[in-house]
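Residues per chain, in single letters:
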Amino acid sequence: MNLQHELNKASGFKNLELLAKQVVEGFIAGMHKSPFHGFSAEFAEHKIYNQGESTRHIDWKLFAKTDKLYTKRYDDETNLRCHIIIDNSSSMHYPKMDSFSIEGLNKIGFSALASASLMYILKKQRDAVGLSIYSDDYDYYAPEKGSERHHQMLLNHLSDAVISKPLNKETETYKYLHEIAEKIHRRSMIFLFTDMFQTSEDETRLFEALRHLKYNKHEVVLFHVFDKDKELVFNFDNKPKRFIDVETGEYINLYADTIKDNYKKNVSDYFEALRLKCAQYKIKYVEADINKGFNNILTTYMIERQKFV
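Note that the coordinates shown come from a computational prediction; the quantities given were computed from them, not determined experimentally.

What counts, and where the lines are drawn
Residues numbered from 1 in each chain as written. Predicted model: local features only at pLDDT ≥ 70, side-chain atom pairs only at ≥ 80, totals over all residues. Heavy atoms only, no water. Helix = DSSP H or I, 4+ residues; strand = E, 2+ residues; numbered from the N terminus. Buried < 20%, exposed > 50% of the residue type's maximum accessible area, 1.4 Å probe, protein only. Contact = heavy atoms within 4.5 Å. Pairing = 2+ DSSP bridges. pLDDT = per-residue confidence, 0-100. Salt bridge = Lys/Arg side-chain N within 4 Å of Asp/Glu carboxyl O. Lys, Arg positive; Asp, Glu negative; His and termini not counted. Polar contact = N/O pair within 3.5 Å; in protein donor to acceptor, adjacent residues only side chain to side chain. Expected span 1.5 Å × (residues − 1). Bend = angle between axes of the 7 residues up to and from the residue. Core = buried A, V, L, I, M, F, W, Y, C linked by side-chain atoms within 4.5 Å. Axes fitted to C-alpha atoms, helices over the stretch in contact; angles between N-to-C directions.

Moving on to the overall build of the chain. Across its full length, the chain carries ten helices and ten strands. Burial analysis of the chain (309 residues in total) assigns 45% to the buried set. Taking the intrachain contacts of the chain between residues at least 6 apart in sequence as the baseline, contacts between residues at least 24 apart amount to 75%.

The buried count for strand β7 (residues 219-226) comes to seven of eight residues, which makes it a mostly enclosed element. As paired elements, strand β6 (residues 189-194) and β7 share six bridges and run parallel to each other. Bridge pairing links Phe 193 to Phe 223 in β7.

Here the focus is the confidence of the model for the chain. When pLDDT is averaged along the chain, the result is 83, and 85% of the positions lie at 70 or above. Every residue in residues 1-10 is under pLDDT 50, and counting partners more than four places away or in other chains gives four contacts. pLDDT under 50 marks residues 37-43. Its contacts with residues more than four places away, or in other chains, come to 26 contacts.

Our focus in this paragraph is the pattern of salt bridges. Here the structure, examined in full by the defined rule, presents 14 salt bridges. Glu 272 serves as the salt-bridge partner of Arg 275, at 2.5 Å between the closest nitrogen and oxygen. Of this pair, Arg 275 and Glu 272 both sit in helix α9 (residues 256-280), three residues apart, which is roughly one turn of that helix. For Arg 275, a relative accessible area of 30% translates into the label partly exposed. Assessed through its relative accessible area of 34%, Glu 272 is described here as partly exposed. The salt bridge partner of Glu 304 is Lys 307, with a shortest N-O separation of 3.2 Å. Here Lys 307 and Glu 304 lie together in helix α10 (residues 295-307), a separation of three residues that amounts to about one turn. Under the relative-accessibility criterion, Glu 304 is labelled buried at 6%. The class for Lys 307 is exposed, based on a relative accessible area of 53%. Shared partners join several salt bridges into a network, and the residues in it are Lys 228, Glu 272, Arg 275 and Glu 287.

With that settled, consider unusual backbone geometry. Cis peptide bonds are those with omega within 30 degrees of zero, and the linkage from Tyr 94 to Pro 95 qualifies with -10°. Inspection of the secondary structure puts Pro 95 in the loop between β3 (81-87) and α4 (107-124). The phi dihedral of Asp 67 is positive, around 60°, even though this residue is not glycine. Tracing the sequence through the fold places Asp 67 in the loop between α3 (60-66) and β2 (70-73).

Moving on, we get to the side chain of Asp 227. Structurally, Asp 227 is set in the loop between β7 and α8 (228-232). Lys 230 is the oppositely charged side chain nearest to the buried, salt-bridge-free Asp 227, at an N-O distance of 6.8 Å. A distance of 2.9 Å separates a polar atom in the side chain of Asp 227 from a polar atom in the side chain of Asn 291.

Let's shift gears to α9. Compared with the 36 Å implied by 1.5 Å per residue over 25 residues, the 35 Å span of α9 between its first and last C-alpha is a close match. The largest bend in α9 amounts to roughly 35° and is located at Asn 262. Against α7 (203-213), β7, α8, β9 (251-255) and β10 (284-289) lie the buried residues of α9. Remark: Lys 282 follows α9 within two positions and exhibits a positive phi of approximately 60°.

Turning next to the nonpolar core. The tendency in soluble globular proteins is for nonpolar side chains to be buried side by side. Residues Phe 13, Ile 84, Leu 113, Phe 191, Phe 193 and Tyr 301 are the most contacted members of the largest nonpolar core, which totals 51 residues. Of the residues forming this core, the biggest block, eleven residues, is contributed by α4. Not counting residues up to four positions away in its chain, the partners in contact with Phe 191 are Cys 82, His 83, Ile 84, Ile 85, Leu 118, Val 221, Phe 223 and Tyr 301. Residues Tyr 138, Met 196, Val 220 and Leu 274 belong to the second largest nonpolar core, which totals 27 residues.

Another point: the sheet that holds β10. Pairing within the open sheet is mixed, and its six strands lie in the order β5-β4-β3-β6-β7-β10. The sheet is open, and its two borders are formed by β5 (138-145) and β10, each paired with just one other strand. Going from strand to strand, the sheet's axes swing by 15° on average, the running direction of each strand aside. By the bridge criterion, six bridges tie β7 to β10 in an arrangement that is parallel. Bridge pairing links Val 221 to Lys 284 in β10. Its contacts with the sheet put helix α6 (residues 173-183) on β3, β4 (128-134), β5 and β6, and the angle it makes with β5 is roughly 30°.

Structure below.
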């Protein structure tokens with residue numbers, strides 16, 4: 001086997017950090033009338049003014065635009081810790097692709113670029129970020145730090161995850177969430193990117209693990225990553241196809257139209273049950289359609305950051 005040829009075929013992001021910067025700056029440029037339009041590319045952050053606080057740092061220009069009081073929080077204030085968790089099981093590598101761009105992503109590529117974009121913001125605000133990646137094993141863990149060297153190391157591991165192409169790797173998400181929860185001791189904001197496809201365990205154990213993550217008053221955001229057009233709507237042409245479970249290798253031959261309606265109903269019911277269960281356990285549930293871009297991800301971060309006190 002020509003190893004170099006194989007490596008060349010497994011090309012992922014050419015420059016993940018540059019793409020993340022483009023995503024974030026595009027997001028900021030698109031913000032108009034919102035509580036966040038005081039943000040700049042340098043990310044001098046604003047937070048809502050609470051009665052009784054000093055008026056010294058109120059942003060009066062922002063008050064003139066919004067008629068609301070916000071105070072500035074300067075770049076040298078570091079009081080947020082964030083841990084990003086990424087599911088890297090085989091199903092996250094759907095659809096199969098060899099190169100990635102902002103316009104063309106599979107689930108793992110979307111999760112990696114979304115994570116890099118969040119990391120870009122966190123770095124600008126001098127906050128600490130950690131990373132966990134799991135598949136059928138706990139593949140990678142890095143604690144929360146804020147240095148440039150640490151940031152580059154995390155970017156490298158995100159890029160490696162995208163091109164890893166795991167074959168028939170099932171995952172027991174609940175198992176690794178428990179392990180991660182044991183490692184995070186200081187209160188943090190936790191972002192989990194997963195498609196929520198489980199192979200062996202029922203959702204009860206998964207939500208027990210998510211509750212474990214909320215221990216020590218962590219804030220948990222579940223980004224439910226999926227290809228809505230294919231995995232929810234089941235939008236395939238009505239030609240005979242073989243549908244293969246990428247985690248188990250099992251397959252079924254069928255015409256898409258014969259099961260489309262039932263499939264869509266069952267998957268929609270499952271997604272709704274996830275949403276309701278998250279609400280029950282006070283876990284922020286965010287739909288992350290890989291075809292819809294990153295605005296929903298970054299807006300969620302902005303909102304949750306405002307609430308994280």
